[in-house]
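Here is what each chain is made of, one letter per residue.
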Amino acid sequence: MLAQLKEFGLGAGAACGACIFSNPLEVVKTRMQLQGELRARGTYTRHYRHAFHAFYTIARYDGLRSLQSGLVPALAYQAVMNGFRLGSYQVLTNLKLTANSEGEIEFWRCLVAGAFSGGIGAFLGSPAYMVKTHLQSQSAEIIAVGHQHHHTGFVHAISTTYKQFGITGLWRGVSGALARVAVGSAVQLSTFSTTKLKIAQMGFFNPGSWLIPASASMVSSIAVVTFMTPFDVVSTRLYNQGTNASGKGLFYNGFVDCFIKISKREGITGFFKGLGPHYFRIGPHTILSLLFWDQLKKLAS
């Protein structure tokens, strides 16, 4: 039992370590995904023209510290979500559920295990992700995008939401998160597991070298961003939208409704807003978290 619990702690520690470095990119990505919400390209002011311009603009109007907005809920989310996601995936791996009867790792088994473990993590970490999105979108009025929630911090956001909408209010937008993390986790962990095995078999690096998981995580980062970005945009929109007195979203009724509205009003490019900062964020985060995870498992053993 303790051995299985250890896997959850290792996953949480690896993800939190990566989060400290990647959170500024998450702030930029969130702002760019909310920019021009449900408006056709060319009909709105682009406060953030690209990732580097967004960094400059945020630092200029909101201050340098704002580039770490939402860090506390981000760390809480990583600890809960990736603790359960990476931990449960490793438990499934330890139980040989990602391998066939001959003990060989199979891509489709890793895909299913990754989606399952990701869904668990996304559901449990949803309240923290919602607050993270709210805090990261808050800005000076001149560069504001999306709904502004005016929270003063993590605890204030959680308590205010609970008082207004009850326990269900803390899980508003979870439908988008489940799809986002299930897809991202399935792609990330399956490509990492299988690529790591292939690279080790090729003999490019010495057995046990940290370059093996590092190389595998780089391949995984490209795959996960490609498949995950559309779901990430939908998830950000669902979490950040304002609500009426009863807690119902002002723009979207759920995952499918949000997906359809973005498609109709913003076109296919609407699903890839913030693609650059998303890769700059998810790429290093994927590489660092998977590398930390792999190295921590070696130290723990």
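Definitions and limits used
Residues numbered from 1 in each chain as written. Predicted model: local features only at pLDDT ≥ 70, side-chain atom pairs only at ≥ 80, totals over all residues. Heavy atoms only, no water. UniProt positions renumbered as here; feature names shortened; annotations may be inferred. Helix = DSSP H or I, 4+ residues; strand = E, 2+ residues; numbered from the N terminus. Expected span 1.5 Å × (residues − 1). Bend = angle between axes of the 7 residues up to and from the residue. Contact = heavy atoms within 4.5 Å. Core = buried A, V, L, I, M, F, W, Y, C linked by side-chain atoms within 4.5 Å. Buried < 20%, exposed > 50% of the residue type's maximum accessible area, 1.4 Å probe, protein only. 1 Å grid on protein atoms, 1.4 Å probe; cavity = no way out; pocket = protein on both sides within 12 Å on 5 of 7 lines; lining within 4 Å. Points joined across faces, edges and corners; volume = space filled by probe spheres on them. Nonpolar A, V, L, I, M, F, W, Y, C, P; charged D, E, K, R; others polar.

Caption draft 1: Up close: the UniProt feature "repeat: Solcar" (unreviewed entry) in the chain. Per the UniProt record, the feature "repeat: Solcar" (unreviewed entry) sits at residues 2-95, 105-198 and 208-299. Split by type, residues 105-198 is 77% helix and 0% strand. Its first and last C-alpha atoms lie 10 Å apart. In residues 208-299, helix accounts for 73% and strand for 0%; the two terminal C-alpha atoms are 12 Å from one another.

Caption draft 2: How the structure looks around helix 3 (residues 71-94). A rise of 1.5 Å per residue sets the reference length of helix 3, with its 24 residues, at 34 Å; its end C-alpha atoms lie 32 Å apart and thus fit the reference within 8%. A maximum bend of about 25 degrees is found in helix 3 at Asn82. Phi turns positive, to about 65 degrees, at Lys96, one or two residues after helix 3.

Caption draft 3: Looking closely at helix 5 (residues 154-169). Between its first and last C-alpha atoms helix 5 spans 15 Å; for 16 residues at 1.5 Å apiece the expected length is 22 Å, and the helix comes up short by more than 12%. Along helix 5, the sharpest kink reaches roughly 90 degrees, centred on Lys163. Buried residues along helix 5 sit against helix 4 (107-137).

Caption draft 4: Region of the structure containing the nonpolar core. Formed by 13 residues in total, the largest nonpolar core has its most connected members in Tyr89, Leu189, Phe192, Leu290 and Trp293. Broken down by secondary-structure element, the contributors of at least two residues to this core are helix 3, helix 4, helix 6 (174-202), helix 7 (211-240) and helix 9 (275-300). Non-local contacts of Leu189, meaning those with residues more than four positions away in its chain, are made with Arg85, Leu86, Tyr89, Gly114, Ser117, Leu290 and Trp293. Counting 11 residues, the second largest nonpolar core, distinct from the first, contains Val28, Ala54, Ile58 and Leu67.

Caption draft 5: Local environment of the layout of surface pockets. Reported here for the largest pocket is a volume of approximately 290 Å³. Around the largest pocket, the lining is made up of 13 residues, and of these Thr93, Ile105, Ser193, Lys196 and Lys297 lie nearest the centre. Sorting the residues of the lining of the largest pocket by element identifies helix 3, helix 6 and helix 9 as the ones contributing at least two each. Top contributing element to the lining of the largest pocket by residue count: helix 6, with five residues. Broken down by class, the residue content of the lining of the largest pocket amounts to seven nonpolar, four polar and two charged.

Caption draft 6: Region of the structure containing empty space enclosed by the protein. Scanning all chains against the criterion turns up three cavities of 30 Å³ or more. In this structure, the largest cavity spans a volume of roughly 160 Å³. Taken together, 16 residues make up the lining of the largest cavity; nearest its centre are Met81, Arg85, Gln188, Met228 and Ile282. Along the lines of polarity and charge, the residues of the lining of the largest cavity split into six nonpolar, seven polar and three charged. Roughly 50 Å³ of internal volume is contained in the second largest cavity. In terms of lining residues, the second largest cavity is bounded by Cys19, Ser22, Asn23, Glu26, Ala74, Tyr77, Gln78, Tyr129, Lys132, Arg281 and His285. Here the lining of the second largest cavity is composed, by residue class, of four nonpolar, four polar and three charged.

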